[in-house]
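Observations on the model geometry
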Amino acid sequence: MGSEDVLKSASTLASYNVLLQVMFRVLTFLLNAFTLRFVSKELIGVVNVRLMLLYSTLVFLSREAFRRACLSGEGAGRNWRQVINLLWLTFPVGCVWGVLLVCVWWWLLQAPDSETIPHYVPAVGLFCLAALTELLAEPLWVLAHAHMFVRLKVIAESLAMIAKCLVTVVLVVSTPQWGLYIFSAAQWVYAGFLLVCYVLYFINFLGSEEAQKKLFPVSHIKDLLPSRVDHEPLLNWKLTTLTWSFFKQSFLKQILTEGERYVMTFLNVLNFGEQGVYDIINNLGSMVARFLFLPIEESFYVFFAQVLERGRDVRHQKQEEVSMAAEVLECLLKLVLLIGLIITVFGYAYSHLALDIYGGELLSSGAGPALLRCYSCYVLLLAINGVTECFVFAAMSKEEVDRYNLVMLGLSVSFLLLSYWLTWVLGGVGFILANCCNMALRITHSIVYIQRYFLQSEYTPLWGLRPHSAVIIALGVSSILTTCSESMFCCDGGWLLRLVHVAVGAVCLLGVVITVFLTETRLVQFVRTQLLPKYSKKHT
């Protein structure tokens, strides 16, 4: 697959992923708003922090390293038989992690009160089984992702999420006394739907005319199971060692990603009710980051990994591919930077109103608005870090990945210590401030790497971090106007004044968008032709 084809496929994947994540976040957003009216915030804290931390830890540690290694692109001659064998190790690795984590969740962590939140012990076991069920689909997921089967991912995850929401809503309304069993069943339904969708797709796809036309490397369903080929080793040793390097890195990255939940879970700095409120605001604040920035990072990691040769100097690579990678990186940095700045500016002035509409006084009183305002600033750092690390992880050699693991270790330790201290001092806001410090350090490391990577070339992709001065002025004026509007019209004067506040923000946002369209013409062209392929086709 040529560089242009890889870029086109990665862009299409990013577009579909964005739409998919929009749906996920909207459904989760509505589901949380609904369940808030039927269950206690303590129950939400146990599910969304304690049990989902178990699930995400098990799944991430079991598969992330395999994904990054197997999607890194070892060239056209990659042996898919060995790749599939390697990917099946995710399940036994998951079983080992499952036993260890369940023991920790059962015996080392403080269990919630059994009268107010019953069924904790079986719920831990059920969430573990759901995670293992999702891991069974991993070889199929990597095959689909490597060959850009974007519609499969959209359909499978959409159906799984819809099924999970339906089960949750029905059980919460009909049998609220089941408590944690409701959310355990819903999570297992989600994992089961994912597995079934991928299995059914490949049963129908393998051996078909479409598969033969695409020269798909697997022809029969039995080839998806682990097996040995004569005169070939069972595993690719180079890919296996790369997986081990990524595994050490993924362990640290998980601590950094879910650090505040680990602190809440293991150090008990917040009670379950406070954890529930923090998690709801955290999900609300990170909605854009999750449905927009994460799909872009995942999709363009595939692009960079396949276009660039891992660990090779920029002078010894195909210059047209280096040029394309630099141009794409610059445009991506400019895109996420502008989106992050818009969220920061408008998030500050509209946090109180958003929480009041979403959860009423439960969320809009106390520390809720301050949490969401801080998170609006954190989103800007998340946006930049996602793209810079996306490129860095695709370009690093195995030795550089190993060295970066030491950096991640230092960041992990400092982040946990800072989170613990700031939370005791500032409450939930301390978690966000610690995340900001950690993210700023990671961005600094990535920027230094990118600067050195392109130092002996004519390309300067980091110029993407310098928006046009007119855009900065427009954002500054919008910040002043919306802040004044909030103090004058929001949020105790009734709905009419709230609508005035919203109208002020809408006018300011329109002004910023028009300024971007007039000044950032190169970025607009990139979005039209790469991130919006349907739009491009329609106008060619």
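So, how was this worked out
Residues numbered from 1 in each chain as written. Predicted model: local features only at pLDDT ≥ 70, side-chain atom pairs only at ≥ 80, totals over all residues. Heavy atoms only, no water. Helix = DSSP H or I, 4+ residues; strand = E, 2+ residues; numbered from the N terminus. Rg over C-alpha atoms; globule rule 2.2 N^0.38 Å. Buried < 20%, exposed > 50% of the residue type's maximum accessible area, 1.4 Å probe, protein only. Contact = heavy atoms within 4.5 Å. Areas by Shrake-Rupley, 256 points an atom, 1.4 Å probe, with all protein chains shown as cover. Lys, Arg positive; Asp, Glu negative; His and termini not counted. Charge placed at Lys NZ, Arg CZ, Asp CG, Glu CD. Patch = residues over 30% accessible without salt bridge, like charges linked within 9 Å, V, L, I, M, F, W, Y side chains within 5 Å. Salt bridge = Lys/Arg side-chain N within 4 Å of Asp/Glu carboxyl O. pLDDT = per-residue confidence, 0-100. Domains from an automatic or database assignment.

The next point concerns the overall build of the chain. Looking only at helices and strands, the chain features 22 helices and zero strands. In summary, the chain has a C-alpha radius of gyration of 24 Å against a globular reference of 24 Å for 540 residues, a match within 12%. Over its C-alpha atoms, taken along the principal directions, the chain stretches across nearly 75 × 60 × 45 Å. For the chain, with 540 residues in total, the buried portion stands at 56%. For the chain, long-range pairs separated by at least 24 residues make up 83% of all intrachain contacts whose partners lie at least 6 apart in sequence. A total accessible area of about 23800 Å² is found for the chain, and carbon and sulfur atoms account for 67% of it. Here the chain contributes 39 positive and 37 negative side-chain charges, whose respective centroids are spaced 3 Å apart.

Summarising burial for helix α11 (residues 259-267): seven of the nine residues are buried, a large majority. Within the sequence span of α11, burial applies to Gly 259, Glu 260, Arg 261, Tyr 262, Val 263, Met 264 and Thr 265. Against α2 (41-70), α10 (237-257), α12 (272-285), α17 (398-426) and α18 (428-453) lie the buried residues of α11. Taken from the residues just after α11, Asn 268 is the one with a positive phi, measuring 55°.

What follows concerns a nonpolar patch on the surface. Nonpolar side chains collect at one region of the surface, where Phe 266, Leu 267, Tyr 420, Trp 421, Trp 424, Val 425, Leu 426 and Leu 433 lie side by side and expose about 820 Å² of accessible area between them. Mapped by element, the contributors of at least two residues to the nonpolar patch are α11 and α17. With five residues, the single largest contributor to the nonpolar patch is α17. Along the chain, Leu 426 falls in helix α17.

Further remarks concern the environment of Tyr 198. Mapped onto the elements, Tyr 198 comes out in helix α8 (residues 180-205). Look at Tyr 198 and you get buried, because its relative accessible area is 3%. Put simply, Tyr 198 and Pro 139 are 59 residues apart on the chain and 9.8 Å apart in space, counted from C-alpha to C-alpha. With residues near it in sequence (within four places) discarded, Tyr 198 still touches Leu 140, Trp 141, Ala 144, Leu 152, Lys 153 and Ala 156.

The next subject is the pattern of salt bridges. Applying the stated criterion across every chain yields a total of 11 salt bridges. The salt bridge involving Asp 356 is made with Arg 498; its shortest N-O contact spans 2.5 Å. Remark: Arg 498 occurs in helix α20 (residues 495-519) and Asp 356 occurs in helix α14 (residues 319-359); sequence separation between them is 142 residues. Accessibility assignment for this pair places Asp 356 and Arg 498 in one class, buried. Taken together, the salt bridges that share partners define one network made up of Glu 258, Arg 261 and Asp 279.

Turning next to the confidence of the model for the chain. This prediction gives the chain a mean pLDDT of 84; 91% of its residues lie at or above 70. Averaged pLDDT values for the elements of the chain fall to 40 in helix α22 (residues 533-538) and rise to 96 in helix α5 (residues 120-135). Below pLDDT 50 for its whole length, residues 534-540 participates in four contacts with residues either more than four positions away or in separate chains.

Right, let's talk about the domain arrangement of the chain for a bit. In terms of domains, the chain is made up of domain 1 (3-265) and domain 2 (269-396 + 451-531). Between the C-alpha centres of domain 1 and domain 2 there is a distance of 26 Å.

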